[in-house]
Amino acid sequence: MIGNYRFEMEENDVVQSLITTIGSFIEDRLTNKEQRIQHKDHCAERLAAEDRTAKNQTEEIHYSDQAVLANLDWGIEALEEAIATSNVETKMARLEYAEKMLQVCAMLHSNRKTAGVPNFYLSAWAHLNLSYLWKLKNDTRSSILHVLEMFVVDPFFSRVDFAPELWRSIFSPHMSSIIGWYSEERRKIVFDMIPDNSDLSLTVDFDHCFNESLILSVRPEQAERIQGLENLYGESLDGNTRLYAKYYKDCMNYDAANTRKAVLPMMPIVEPPMTPLHEISSRLIPDYVKFGPVLPKSAGFSTNQSRDASSRSKAESASENLEDSACWDAPDEYMETMSVLSKEYSPKSRRESSRNSSPKTPSVTNSSPKSAKKPGNIQMSMLRLLSTRATDSTSLPISPLSCCDNSSISSTDSDEETKGQLRIAARSIAHARSVRQIFRKSSMNQSDDGRLSYASSPTSEVLTPQSRPPKDFVCPITGQIFNDPITLETGQTYERKAIQEWTNRGNTSCPITRQPLSAAALPKTNYVLKRLITSWKDQHPDIAQEFSNAKTPSEKSALPSRQRFVRAALATSPTSVISQASVETVINALKPYILCLCSSEDLKECEEAVLTVSKIWEDSNVGPGINSYLSSPTIVNGFMEILSASFDKDVLRTTICTLSKLICADDRVRDLLTSVDSDFYCLTDLLKKGLVEAAVLVYLLRPSFSQISRHDLVATLLRIISDENEDVTDFRFSIAPKDAAIALLEQVVAGGDESEKSVNATNVVITDNGIPALLSCLDRVDGRQSVVSILLRCMRSDSTCKNVIANGIELSHVLELFHGGDDSVRGMCVEFLGELVRLKRRTSSDEILRIIKEEGTFSTMHTLLVYLQMSPMEQKPSVATLLLQLDLLAAPRKPSIYREEAVEAILEALQRKEFPSSQITALGMLSSLAGSLRAASNKPCIESWLLKIAGFDQSCGDTTKTDETNVDETREEEKAARNWEKRIAFVLSNHEKGSVFKAMEECFKSNSIEIARSCLVVSTWLVHMLYSFPDCGTRDVARKSLLDKFVNVLRSSKNLEEKILAALALRGFVSEPGGLNEIGVYAKSIWKTLRKIKKSCTAASDITKALMNLPSIDAADLWSCVEGPEIDVSVNGEIMSMIHIRSRLISSHSDGTIKLWDTAKRAPRLIQEAREHSKAVTCLYVTPSCDKLYSGSLDKTIRVWSIKQEEIYCIQVHDVREAVLALAANASVACFSSQGNGVKVYNWSGIVKNIGFNKQAKCLALDGDKLYCGCSGYSVQEVDLKTQSSSTFYSGAKKLLGKQTIHSVEIQDGLLYAGGSSVDGVAGKVFKLSSKAVVGSLPTGLDIQQTTVNNDFVFTATKCGIIEVWLKERVTKIAYIKMACGGGGSTRITAVASDSDGQKLFAGTSDGRIQVWSLD
């Protein structure tokens, strides 16, 4: 340790020693929670005592002063929460909050006061807690500096209260010269007081020379010398402690600077004070003499006024110091004890005592109440009270005053004579005060830190363990050691709770003196006596434990009843016999009935005994002693037997009331009842049978959730709550039965896991009158918090109850609870209100918000704003969301401090990456703002709504069904919902020029999957809404912050819904030229994903179309094709036709076979092979509804097939008497071509009509009532099926050489694609059906034999095995596919097909092969 070295250490060694010593001290404090709590309570007692003193003075205490004290308290509480929690996020949040609060007190001016409390005390306390805080933050240096600053600010309380063990380690060894000087001066003064001291040695044991007579003979000047020595000694210790603390700080700062320019700190030199008292003694001090400071272990705030005057400020005058220290500086501690405990010996009380006392009592050893107050015994009694070393009156030396003839003092003596004796005694006591302190110090072992530890003395009552504590430490009412002693105006001291109960029963006089009490309120705690008791308890823990917990009669069964109470009387002060006699009388009256209760077999007698016991106890007005007697296990078991056997409601209620009182008075009764399961079963059974008072007893037993849940009490508790007459009872309980039922119901609803909570809350909702009954209890102040908690859980479990709650609740009660509650209660109220306003109807939500905003005496918005600034980080998003909704009831374009603070709090939570739970909460709140109106459940349906907008039709399970009878009302709600969404999105998007998008960007960086998903949903909603109102300059910010994030989701996410959400957001950016160009940079990397999700997302189709039309993009770069497997079906001959529908491929073959293939996987899988036709199936046609398939064959039949997922089967066969070469059909007719000119129309009834034109039809396409025929002569004929007439749709230029023919026609999206012979480098054209105009051409030198079109591309096949790929939107060739010639050079492509989404391409050949390509 630092102080153990007598030589000057190097600065590095000092720093290392400081780190080790102070670090160990702080770690010990952090691990010892009990010590921290005791220290806080001890300091709080000082503050409370000073607070009461300040209130009695005329000085006004400002609100700001109280706020400073509140900051200190809040800071310490937050620090304790940080120490207790294991969650890193919560720990950092509480530490940050604690630092803000504690810094307020740490920076106070040390020479002033706050609310009457010296600032140096508050500042030192704050520095100590800041040292804990920085240690938790792993900043050891800052932690040590705060500890040293504590010793600089207030060295006295730092070494006495805050860190005495640390003072002993690093400061005390440097104070040896001061301690030696003090010991020498003290012994000199004591030596001079002893008569005939010439024969005494300096090291003599002064204990053998002292007696009470010597103490009374001390002269005033000797007492003044002792007092002055004490003052100077304390000032020297404080001043030098401050010097060394500054030196240690300089060493720490020098070590941190680590530069050559830093000035090396100089170690201070400690010298004893040079005063007239400090004379050089010719005697040498022996080495074995122990030294130490002057204060006892539990000293008060200060030893005297002079010490503080010197240590605080040299510039202040002595009078100012006296005034400032009036409350905190006290005279000698033992003089305080005398003045407090000896008030009964004031002249007035002594005269009354003399009148009531017998004048002829001869012996001073008589300890009866009367003889103790005789005038002849006054001096002896005062000495007993003054000196904690004094022995019993039978063993004290007889002083001159006590040896006077008692017979000369009678009731006829004059008051002047009595006053004279008192004046003599008072002067003697005043002179002896300091000497007595020295006398006690001389017999004590001194510790290094200036505190005293008592040495053993065989003649001392305090120091020698006795069978009982000092009589003045025991309350005359309770018979137990004082815990909170208060001294009445009559001079008598009682336990606060005991005398409070005495006055509550209507008594207006002192229990001992019977003098009337004029004070309206009880006085403050007697802290001097309390400190003395604490010191005594430390020395005698066994006796203190025995008399702090009085034994019950059953536990002392070894002694007769009267002996037990006699002993209790002896252990208390003499006057407690009065109270004890009353208790004994009542117990004797109860014994016959208790015996009957516990032993009688007659139920009627036992019931009468219960009623009689209750009446005697109620009328006795003596509580504690009876409580202990009735708490016997035997008696408690007797009461429980009555509960299990009796049917008399009055007896049952009386028994429950009695047990309730016993439980409140003694926790052992609770333990006794909960130890037997049958007792709890008995109580719950009575509760279910209608005995509502049993709810009180069940509540007082504090059952666990598992105990309550086993008995299914929800319906019973709700019945009690809903009954308006349940509180009408003649019995007085500590809690009303209805309030107990509410508390138990809260435990049921809030206990267990989430599934159990949900089930129990749902039971509350579905129970008849359950919710209304709870709402009616909100006016009950005691149960209001529990009711709100239950309703909150019900809304979270079953959102259907929200409307019931919203329609029946009185929000003023909830707001009153919010305004008056602590942080946890306010947080619960905010969550409740946040859930309540999340209704399906926007108008209803607005109405609730208006009530919240306008209801109550205080401004709810202002209270929310204040709470928002002080609330924990995890609660800020909920508070901010509610505040934002209240503010948005007004015009959103007007500036508002509430709105700014609310949005700022939400954004702060989003950006705090070190607090992921806060990020999740904030994102959830934003989702609720966006989607609260689209879902009836607790979870917002914003994600499902966005997916639906994107074209992914996934309905939300809670979507509201439209009521056709209330169409107008529904439209109004939808309109209100849209306006609210725009208002929310507008405020969020335009706050601080789009800072919300920057916050979203930070959330996207999180490693949490939950945060990333929630961020994606909220960001998509914000971007989507951003393009629903005029741009205010934030679209560029949104695009800059989020575009690459959405692109990354498209490229890397494996979740389809996430990709669709990203596509929806990108569709907004694509709508602007700048955004389209930026997305074009990523076109190649996202093209494949966009094409894959096109079938599920219209937004992806919009993006692909926009990208394809972008001039800067080469469509060929986006094309990719991978050759897949080849299927050999040559056994069925040539493939005549193919068609693709719903991941199924249907192929027809030259042997009359039709095959059904599954194309979901990479290689097609054969599902079915149908052979209904006898000859080649030349053509296939499928209706737009994809439910029927038509096949034409060379066997001169047309067959109709029903299409199922796994099969096709023929349902009709029509003989058309001609070979069918091409076919198109619908439900009314079938159109086919044969070998001749024109086209045939078959009406399904067996009639075939020929529509002639001078062309041979090669291919057919049907669009409604119009039939388009690709013909020889390079023309397209249009046939009106209604009029059955034909006309030329297109006629190409005729060439002299060669035959020009249209081989293929396809219709899609109102366009006609015609392909055939290549004429002038063009083999096909694209027509617009509505205007017959050519909108595009297919320039190629190869003849087009087959054509297929999907959503993106046009594929044209030639005879030579080449398939050309054309971009559908721009009719531009981007690639071609060369098919391998497996059957030799004569192999040609006879059929092509593609799925609608363009994922796969199929080609059939003349040699019976099917080739598959995957298109990327």
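All figures in this text were calculated on a predicted structure; none of them were measured in a lab.

Thoughts on the sheet that holds strand E24 (residues 1285-1291)
Part 1 of the reasoning: Spatial strand order, E21-E22-E23-E24: four strands in an open sheet with antiparallel pairing. Looking at which strands have only one partner, the edges of the open sheet turn out to be strand E21 (1257-1263) and E24. Sheet twist, expressed as the average angle between the axes of neighbouring strands with direction ignored, equals 25°.

A few points about the packing of aromatic side chains
Part 1 of the reasoning: Throughout the structure, instances matching the rule amount to 23 aromatic pairs.
Part 2 of the reasoning: Their ring planes at 45° and their centres at 4.6 Å tell us that Phe151 and Phe171 sit as a pair that is tilted. Placement of Phe151 in helix H6 (residues 140-153) and of Phe171 in the loop between helix H8 (164-170) and helix H9 (176-193) is noted, with a sequence separation of 20 residues between them. Across the pair, exposure class does not vary: Phe151 and Phe171 are buried alike.
Part 3 of the reasoning: Plain terms: the ring middles of Phe818 and Tyr867 are 6.1 Å apart, the flat faces sit at 85° to each other, and that makes the pair edge-to-face. Of the two residues, Phe818 is situated in helix H37 (residues 811-820) and Tyr867 in helix H40 (residues 860-870); the sequence distance between them amounts to 49 residues. The pair Phe818 / Tyr867 is uniform in exposure class, with both members buried.

Considerations on the pairing of strand E29 (residues 1346-1349)
Part 1 of the reasoning: Two strands pair when backbone bridges link them, and E29 and strand E30 (residues 1353-1357) are joined in this way by four bridges, in the antiparallel orientation. Of the residues in E30, the one forming a bridge with Thr1348 is Phe1355.
Part 2 of the reasoning: Linking two consecutive strands that pair antiparallel, namely E29 and E30, is a turn of three residues.

Here's the deal with the pairing of strand E13 (residues 1177-1182)
Looking along a regular strand, one sees the side chains alternate between the two faces of the sheet.
Part 1 of the reasoning: The element E13 is largely enclosed, with a buried count of six among its six residues.
Part 2 of the reasoning: As paired elements, E13 and strand E14 (residues 1188-1193) share five bridges and run antiparallel to each other. In the sheet register, Val1177 faces E14, and the bridge partner there is Ser1193.
Part 3 of the reasoning: What sits between E13 and E14 in their antiparallel hairpin is a turn of five residues, with Cys1186 showing a positive phi close to 60°.

A word on helix H41 (residues 876-887)
Part 1 of the reasoning: Relative to the 16 Å expected for 12 residues at 1.5 Å per residue, H41 spans 16 Å between its end C-alpha atoms, a close match to the ideal helical length.
Part 2 of the reasoning: Of all 12 residues in H41, 12 are buried, a share of seventy percent or more.

Thoughts on unusual backbone geometry
Part 1 of the reasoning: Here Glu992, not a glycine, exhibits a phi torsion of approximately 50°, which is positive.
Part 2 of the reasoning: For Glu992, the position within the fold is in the loop between helix H45 (967-990) and helix H46 (995-1004).
Part 3 of the reasoning: We note that Lys993 has phi near 55°; this positive angle belongs to a residue other than glycine.
Part 4 of the reasoning: Along the chain, Lys993 falls in the loop between H45 and H46.
Part 5 of the reasoning: Using a relative accessible area of 70% as the deciding quantity, one classes Lys993 as exposed.

Section: the sheet that holds strand E10 (residues 1144-1149)
Part 1 of the reasoning: The antiparallel open sheet is built from four strands, whose spatial order is E9-E10-E11-E12. Both outer strands of the open sheet, strand E9 (1135-1141) and strand E12 (1165-1170), are each paired with one neighbouring strand and no more. Averaged over all pairs of adjacent strands, the angle between their axes in this sheet comes to 20°, without regard to strand direction.
Part 2 of the reasoning: Bridging between E10 and strand E11 (residues 1154-1158) involves five bridges; their strand directions are antiparallel. Considered in E11, the bridge of Ser1147 is made with Lys1155.

About the cut-offs
- Residues numbered from 1 in each chain as written.
- Predicted model: local features only at pLDDT ≥ 70, side-chain atom pairs only at ≥ 80, totals over all residues.
- Heavy atoms only, no water.
- Pairing = 2+ DSSP bridges.
- Helix = DSSP H or I, 4+ residues; strand = E, 2+ residues; numbered from the N terminus.
- Axes fitted to C-alpha atoms, helices over the stretch in contact; angles between N-to-C directions.
- Phe/Tyr/Trp six-rings, centres within 6.5 Å; stacked < 30°, edge-to-face > 60°.
- Buried < 20%, exposed > 50% of the residue type's maximum accessible area, 1.4 Å probe, protein only.
- Expected span 1.5 Å × (residues − 1).

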